[in-house]
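Structural description and commentary
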Amino acid sequence: RRGIQGKVLAQFIVNKDGSISDICLLNHVDNSLDREAMRVMRLMPPWKPGQMYDKPCRTQVCIPIVFKL
């Protein structure tokens, strides 16, 4: 409605079981985009965990979430 667009960087941890935790936003464009990015991050299905020595491990991930009209 307000014509706001931009890119929000989200950083989080993928745990050994694929669940996501410790979500934080590294840059802020607008409060409405920040809220939507957090909402989408919480609804994500489990990820494939990182591997170290052929065993699952906690992995830090940073992804851009682009809002474009």
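Residues numbered from 1 in each chain as written. Predicted model: local features only at pLDDT ≥ 70, side-chain atom pairs only at ≥ 80, totals over all residues. Heavy atoms only, no water.

**Concerning the pattern of salt bridges**
Formally: What counts as a salt bridge is simple: a side-chain nitrogen of Lys or Arg found within 4 Å of a carboxyl oxygen of Asp or Glu. Secondary structure counts use DSSP, requiring at least four H or I residues in a row for a helix and at least two E residues in a row for a strand, with both numbered from the N terminus. We call a residue buried when its accessible area falls under 20% of the maximum for its residue type, exposed when it is over 50%, and partly exposed in between, using a 1.4 Å probe and counting protein chains only.
Counted according to the given criterion, the structure contains 2 salt bridges. One salt bridge connects Arg58 with Asp22, and the closest N-O pair in it is separated by 3.5 Å. Of this pair, Arg58 sits in the loop between β4 (55-57) and β5 (59-67) while Asp22 sits in strand β2 (residues 20-25), and the two are 36 residues apart along the sequence. Residue class for Asp22 comes out exposed when judged on its relative accessible area of 54%. With a closest N to O distance of 2.7 Å, Arg39 and Glu36 form a salt bridge. Separated by 3 residues within a single helix, Arg39 and Glu36 lie in helix α1 (residues 31-43), roughly one turn from each other. The class for Arg39 is partly exposed, based on a relative accessible area of 41%. Residue class for Glu36 comes out partly exposed when judged on its relative accessible area of 27%.

**Topic: the sheet that holds β5**
Cut-off, in case you're wondering: Strand pairing requires that DSSP identify at least two bridges connecting the strands. Between the N-to-C directions of two axes lies an angle of 0 to 180 degrees, each axis being a line fitted to C-alpha atoms and, for a helix, fitted only over the stretch in contact.
The strand order β2-β1-β5 describes an open sheet built from 3 strands, whose pairing is antiparallel. Here the strands that pair on one side only, and so sit at the sheet edges, are β2 and β5. On average, each strand axis in the sheet is tilted by 25° relative to the strand beside it, whichever way the strands run. In this sheet, β2 lies alongside strand β1 (residues 6-14) in antiparallel orientation, the contact comprising 4 bridges.

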